[in-house]
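Okay, here's what each chain looks like letter by letter:
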Amino acid sequence: MINWSGILSNRKSVKAVKQFATGASSGRELYSTFANTDNGGEVRSLLREHGVTYSRRLARKALKRRGY
């Protein structure tokens with residue numbers, strides 16, 4: 001289970017996830033944004049377990065459900 005509350009905890013991370021979800025940035029760019037942060041492992045496991053395509057879908061769902 002992905003901890004979306006942690007990943008979407010501040011404006012910078014919400015912006016990065018929005019860009020990833022819309023296809024404006026790659027999975028590698030998303031990972032590098034979260035590297036060396038508390039939620040870096042969460043993003044890394046999201047990409048490794050689900051792949052980029054399904055991770056984008058999950059990110060869009062998470063953003064929509066939280067009103068971003």
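This structure is a prediction, so every number in the text was calculated from the model and none was measured.

S.K.: Even after reading the chapter, I still don't get the overall build of the chain, so can you show me in this structure?
M.R.: For the chain, the count of helices and strands is four helices and zero strands. For the chain, the sequential pattern of α-helices and β-strands runs α-α-α-α. Computed over its C-alpha atoms, the radius of gyration of the chain comes to 10 Å, within 12% of the 11 Å expected for a compact globule of 68 residues. For the C-alpha atoms alone, the extent of the chain along its principal axes is close to 25 × 25 × 25 Å. By residue count, 38% of the 68 residues in the chain fall in the buried class. When contacts within the chain are restricted to residue pairs at least 6 apart in sequence, those whose partners lie at least 24 apart make up 59%. Only carbon and sulfur atoms are counted for the fraction: they give 45% of the accessible area of the chain, which is about 4,700 Å². Of the charged side chains in the chain, 14 are positive and 4 negative, and the gap between their average positions amounts to 9 Å.

S.K.: What should I look at first to understand the side chain of Ser 55 in this one?
M.R.: Position of Ser 55 among the secondary structure elements: in helix H4 (residues 40-65). A polar contact is formed between the side chain of Ser 55 and the backbone oxygen of Leu 46, at a distance of 3.2 Å. Excluding residues that lie within four positions of it along the chain, Ser 55 makes contacts with Phe 20, Leu 46, Leu 47 and His 50.

S.K.: Whenever I open this one, the packing of helix H3 (residues 27-34) against H4 confuses me. Can you help?
M.R.: The geometry of a pair of packed helices is captured by two quantities: the angle between their axes and the separation between those axes. Direction vectors running N to C along H3 and H4 enclose 165°, while the axes themselves pass 8 Å from each other. As the angle between them shows, H3 and H4 are arranged roughly antiparallel. With respect to the hand of their crossing, H3 and H4 are arranged in left-handed fashion. Taken together, the residues of H4 that come into contact with H3 (itself represented by Gly 27, Leu 30, Tyr 31 and Phe 34) are Gly 40, Val 43, Arg 44, Leu 47 and Val 52. Here the residues of the contact of H3 with H4 are counted per class, giving six nonpolar, two polar and one charged.

Conventions and cut-offs
Residues numbered from 1 in each chain as written. Predicted model: local features only at pLDDT ≥ 70, side-chain atom pairs only at ≥ 80, totals over all residues. Heavy atoms only, no water. Helix = DSSP H or I, 4+ residues; strand = E, 2+ residues; numbered from the N terminus. Rg over C-alpha atoms; globule rule 2.2 N^0.38 Å. Buried < 20%, exposed > 50% of the residue type's maximum accessible area, 1.4 Å probe, protein only. Contact = heavy atoms within 4.5 Å. Areas by Shrake-Rupley, 256 points an atom, 1.4 Å probe, with all protein chains shown as cover. Lys, Arg positive; Asp, Glu negative; His and termini not counted. Charge placed at Lys NZ, Arg CZ, Asp CG, Glu CD. Polar contact = N/O pair within 3.5 Å; in protein donor to acceptor, adjacent residues only side chain to side chain. Axes fitted to C-alpha atoms, helices over the stretch in contact; angles between N-to-C directions. Parallel < 35°, antiparallel > 145°, perpendicular 65-115°, else oblique. Left-handed = near helix turned anticlockwise from the far one by under 90°. Nonpolar A, V, L, I, M, F, W, Y, C, P; charged D, E, K, R; others polar.

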